[in-house]
Amino acid sequence: MRLGILGAADIAFRRFLPALRKCPNITYAGVASRTPEKAARFLETYGGQFYPSYDALLADRSIDAVYVPLPPALHYAWGKKALDAGKHLFLEKPFTISAEQTKALIAAAQERDLMVYENYAFVHHAQLAKIKGMIADGTLGELRLLRAGFGFPKRSEGDFRFCKALGGGALLDCGGYPLRLALELLGDTAQVVHSTLAQPENYEVDLYGSAVLANEDGLCMQAAFGMDNAYQCQLEVWGSKMLLIAPRIFTAGAEFRPSLILRSSVDEQRMELEADDQFLHAIKFFASGTLDKGIRGQTMRNIARQAELTSGIRHN
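The structure displayed is predicted, hence computed values, not measured ones. (Residues numbered from 1 in each chain as written. Predicted model: local features only at pLDDT ≥ 70, side-chain atom pairs only at ≥ 80, totals over all residues. Heavy atoms only, no water.)

A.B. asks: Can you tell me about the sheet that holds strand β4 (residues 65–68), naming the residues and giving the values?
C.D. replies: Read across the open sheet, the 6 strands follow the order β3-β2-β1-β4-β5-β6; overall the sheet is parallel. The open sheet terminates on both sides in strands that have one partner only, identified here as β3 (49–51) and β6 (116–119). On average, each strand axis in the sheet is tilted by 20 degrees relative to the strand beside it, whichever way the strands run. Where strand β1 (residues 2–6) lies against strand β2 (residues 27–32), 5 bridges are found, and the strand directions are parallel. Directly across from Leu6, in β2, lies its bridge partner Ala32. The strands touched by helix α4 (residues 75–84) are β1, β4, β5 (88–92) and β6; relative to β5, the strand with the most contacts, the crossing angle is about 165 degrees. (Pairing = 2+ DSSP bridges. Helix = DSSP H or I, 4+ residues; strand = E, 2+ residues; numbered from the N terminus. Axes fitted to C-alpha atoms, helices over the stretch in contact; angles between N-to-C directions. Contact = heavy atoms within 4.5 Å.)

A.B. asks: Could you give an account of the side chain of Glu236, naming the residues involved and the relevant values?
C.D. replies: You can see Glu236 is positioned in strand β11 (residues 232–239). Within the structure, the side chain of Glu236 is placed 3.2 Å from the side chain of Gln234, a separation counted as a polar contact. In this structure, Glu236 is in contact with Leu145, Leu146, Arg147, Leu243, Leu244 and Ile245, ignoring residues within four places of it in sequence. (Polar contact = N/O pair within 3.5 Å; in protein donor to acceptor, adjacent residues only side chain to side chain.)

A.B. asks: Describe the layout of surface pockets, naming the residues involved and giving the relevant values.
C.D. replies: Approximately 1,100 Å³ is the volume attributed to the largest pocket. Contributing to the lining of the largest pocket are 40 residues, with Ala9, Asp10, Ile11, Phe160 and Arg161 lying nearest its centre. Of all the elements in the fold, those that place two or more residues in the lining of the largest pocket are α1 (10–20), α2 (36–46), α7 (170–186) and α8 (278–289). Element by element, the count of residues in the lining of the largest pocket is highest for α1, at 4 residues. In terms of residue class, the lining of the largest pocket is built from 22 nonpolar, 7 polar and 11 charged. The computed volume of the second largest pocket comes to approximately 230 Å³. Along the wall of the second largest pocket there are 13 residues; nearest its centre are Lys164, Gly168, Val205, Asp206 and Arg314. (1 Å grid on protein atoms, 1.4 Å probe; cavity = no way out; pocket = protein on both sides within 12 Å on 5 of 7 lines; lining within 4 Å. Points joined across faces, edges and corners; volume = space filled by probe spheres on them. Nonpolar A, V, L, I, M, F, W, Y, C, P; charged D, E, K, R; others polar.)

A.B. asks: If you had to explain empty space enclosed by the protein to someone new, which residues and values would you point to?
C.D. replies: Inspection of the entire model under this criterion finds 1 cavity of 30 Å³ or more. A volume near 140 Å³ is recorded for the largest cavity. Lining the largest cavity are 19 residues, and of these Pro94, Thr96, Leu172, Ala307 and Thr310 sit closest to its centre. Of all elements in the fold, only α5 (99–112), α7 and α9 (293–315) reach the threshold of two or more residues within the lining of the largest cavity.

A.B. asks: Account for the sheet that holds strand β13 (residues 259–263), with residues named and values stated.
C.D. replies: The strand order β8-β9-β10-β7-β11-β12-β13-β14 describes an open sheet built from 8 strands, whose pairing is mixed. Of all strands in the sheet, those bounded by a partner on one side alone are β8 (191–198) and β14 (268–272). Across this sheet, the average inter-strand angle for adjacent strands is 15 degrees, counted without regard to direction. As judged from the 5 bridges shared by β13 and β14, these two strands associate in the antiparallel manner.

A.B. asks: Could you give me a rundown of the nonpolar core, with the residues and numbers involved?
C.D. replies: Leu181, Leu213, Leu235, Leu244 and Phe250 are the most contacted members of the largest nonpolar core, which totals 46 residues. For this core, the leading source of residues is α7, giving 10 residues. When sequence neighbours within four positions are dropped, the list of residues in contact with Phe250 reads Phe122, Ala148, Gly149, Phe150, Tyr177, Pro178, Leu181, Cys233, Gln234 and Gln278. Judged by nonpolar contacts, the second largest core, of 28 residues, contains Leu3, Ala12, Leu17 and Phe286. (Core = buried A, V, L, I, M, F, W, Y, C linked by side-chain atoms within 4.5 Å. Buried < 20%, exposed > 50% of the residue type's maximum accessible area, 1.4 Å probe, protein only.)

A.B. asks: Which residues make up the packing of aromatic side chains, and what are the values?
C.D. replies: Here the structure, examined in full by the defined rule, presents 19 aromatic pairs. Note on Phe150 and Tyr231: the rings are 6.4 Å apart at their centroids and 85 degrees apart in plane angle, and the pair reads as edge-to-face. Note that Phe150 is positioned in strand β7 (residues 143–151) and Tyr231 in the loop between β10 (220–226) and β11, a separation of 81 residues in sequence. The class for Tyr231 is partly exposed, based on a relative accessible area of 46%. Put simply, the rings of Tyr120, Phe122, Phe150, Phe152, Tyr177, Tyr231 and Phe250 pair up and form one aromatic cluster. Sitting over the ring of Trp78, Lys81 keeps its end group 4.2 Å from the ring centre. (Phe/Tyr/Trp six-rings, centres within 6.5 Å; stacked < 30°, edge-to-face > 60°. Lys NZ or Arg CZ within 6 Å of the ring centre and 35° of its normal.)

Printed below as a string of structure tokens:
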């Protein structure tokens, strides 16, 4: 499979391409950018072809798939063009800026029998599989409550996250992480019970928010997010026997060794885990979905449910 990149984004340079290099069955074709200076470092470091426009890359029939790390408001238009050009679609999160756009892109992919993926790579990290195993085997006892938070300090005022026209806002940027985690741990019946979004005066987007989600069994997750916050990237699983804390659940880099804290009424232990490359696993999963209709179908259902939960918070 030959893959091209629409946009010379920093995340493509720092996280996506180093992982892509490790995939033996995927060839990096090149990068499209309206700014040649931004593309220059891609060519110097990773090689590939330079495309002077996004349309030029999509017109290249030798390219089978595209990675789109553009600002969220551009995901639908360029995602639709990629699908219309017969390319499998790997979109950075969020998939689109609305449930309606998401449904339309999924329908287009289904019509053309193409794979689409929303890049919440953390779901493929080995630490989440370890946590799920400890929940399933009863190590933590019966689950009482889940808590998840993802937030970071304020970026520069020119950052796209503060621009409504580009699809900014805390809910779309960092709020999607705990929502995607809720689908993993609460299951497909997860629903938004209560939510808040804060948009301070003189800002055109929300800067922070919180939500309570619950599944059909009554298990709840308290989720919080923000982009004017002290840094947090944590999951807590509170059971009848133990409390599990994962302090770096969403953004563990390929060389980072995460740890899990297990706390009971009598002691506390720290479980050190091996480093794992969640971007590499995400790319491999995407590639497998281009060949497997079952993976494609489940992935589309997850993307649709993610959009529904996001909409639930926005309109609660």
